[in-house]
Amino acid sequence: MTGPSRPPGLALRGVPGGRPPGPALRGVPGGRPPGPALQGSLLDLCDEAAPGPLGSSLRRTVLGDGAWIDIRRGWMTGAGALFDRLLRCVPWRAEKRPMFDRVVDVPRLLCFYTEGQALPDPAIEQAREALSDHYQAELGEPFSTAGLCLYRDGLDSVAWHGDTIGRGATSDTMVAIVSLGTPRALLLRPNGGGRALRHDLGHGDLIVMGGSCQRTWQHAVPKTARATGPRISVQFRPRGVR
């Protein structure tokens, strides 16, 4: 069974995975029309991007089997301006992966910043520091890396998985995700299947997956047939977790 097909004849010359660039994605590898205009929240209207407070503003949900999630809506103020800056300055790349007997395009654009590497915007650095400070007592170490994903429209996605490359396969850890741009559904379900939990995240929302979550639960961003604008997710992880 094949997934949704894109309209024929839309190759963008000289761009990996190219599609015609719409206004929001012009100049981005694999840029394509972004669908409906990106509509921000009131918190997006300021140009100064910065993380807000944590503490009592976080809402924790215990999932079971030692797993939990924290959610803080609208944590990053100025999320719209930050989205625009990251869209322009991050060296987005298209990747491919083997699947059965063929090689397919990864359905999103990626960039990864290793430990010690300069992050693409001061607000991202501030967010990592704030998260490291807040979760130090539980995590016992700082967040050290940042992975960025650009979901260009509803056809970009990530399949069910846990971040189990490295220590996440055997030890409790945390993965913190800041969402910028158009909200997309992030789903969580127990390993082996079960009822999925849905959280629509965008406009500076924060979700932190902690405890055993990476090895006892899975998460995904599914494709959607609805016309939708672009989203950037920024994932902070401690050393040795991918």
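Being a predicted model, the structure only gives us computed values, none of them experimental. (Residues numbered from 1 in each chain as written. Predicted model: local features only at pLDDT ≥ 70, side-chain atom pairs only at ≥ 80, totals over all residues. Heavy atoms only, no water.)

Colleague: I tried to follow the overall build of the protein on my own but got confused; where do I start?
Modeller: Each helix and strand in the protein was counted, giving 3 helices and 14 strands. When each of the 242 residues of the protein is scored for burial, the buried share is 50%. Looking at the protein alone, contacts between residues at least 24 apart form 75% of all its contacts between residues at least 6 apart. (Helix = DSSP H or I, 4+ residues; strand = E, 2+ residues; numbered from the N terminus. Buried < 20%, exposed > 50% of the residue type's maximum accessible area, 1.4 Å probe, protein only. Contact = heavy atoms within 4.5 Å.)

Colleague: I would appreciate a short explanation of the sheet that holds strand β12 (residues 206-211) in the present structure.
Modeller: The pairing of strands in a sheet comes from backbone hydrogen bonds and takes either a parallel or an antiparallel form. In space, the 8 strands of this open sheet follow the order β2-β3-β12-β9-β14-β7-β6-β5, with antiparallel pairing throughout. Two strands bound the open sheet, and with one partner strand each, they are β2 (59-64) and β5 (93-99). Neighbour to neighbour, the strand axes of the sheet diverge by 25° on average, direction disregarded. Where β5 meets strand β6 (residues 102-113), 6 bridges bridge the pair, whose relative direction is antiparallel. Counted as the bridge partner of proline 98 is valine 103 from β6. Lying on the sheet, helix α2 (residues 122-139) is in contact with β2, β3 (67-72), β7 (145-151), β9 (175-181), β12 and β14 (231-237); it crosses β14 at an angle near 45°. (Pairing = 2+ DSSP bridges. Axes fitted to C-alpha atoms, helices over the stretch in contact; angles between N-to-C directions.)

Colleague: Looking at this structure, how should I read the nonpolar core?
Modeller: Among soluble globular proteins, nonpolar side chains are generally buried collectively. Counting residues in each nonpolar core, the largest one holds 36 residues, and the members touching the most others are Leu86, Leu131, Tyr135, Leu180, Leu206, Val234 and Phe236. For this core, the secondary-structure elements that each account for two or more residues are α1 (79-89), β6, α2, β7, β9, β12 and β14. If one sorts the elements of this core by residue count, α2 sits on top with 6 residues. In this view, tyrosine 135 contacts Leu58, Arg60, Trp68, Asp70, Gly140, Phe143, Met174 and Val208; residues no more than four positions away in its chain are not counted. Among the nonpolar cores identified, the runner-up in size contains 15 residues, and Ala67, Leu186, Leu201 and Cys213 belong to it. (Core = buried A, V, L, I, M, F, W, Y, C linked by side-chain atoms within 4.5 Å.)

Colleague: In this structure, what is going on with the sheet that holds strand β11 (residues 197-201)? I would like to understand it.
Modeller: The 4 strands are arranged β8-β13-β10-β11 in an open sheet whose pairing can be described as antiparallel. Unpaired on one side and paired on the other, β8 (158-161) and β11 mark the two borders of the sheet. If you compare each strand with its neighbour and ignore which way they point, the axes differ by 15° on average. With 2 bridges connecting them, β8 and strand β13 (residues 217-221) associate as antiparallel partners. By the bridge assignment, histidine 161 is partnered in β13 with histidine 219.

Colleague: Teacher, can you tell me more about the pattern of salt bridges here?
Modeller: If charged atoms from side chains of opposite charge come close, those side chains can pair. Overall, the coordinates contain 13 salt bridges when judged by the stated rule. Shared partners join several salt bridges into a network, and the residues in it are Arg60, Asp70 and Glu138. (Salt bridge = Lys/Arg side-chain N within 4 Å of Asp/Glu carboxyl O.)

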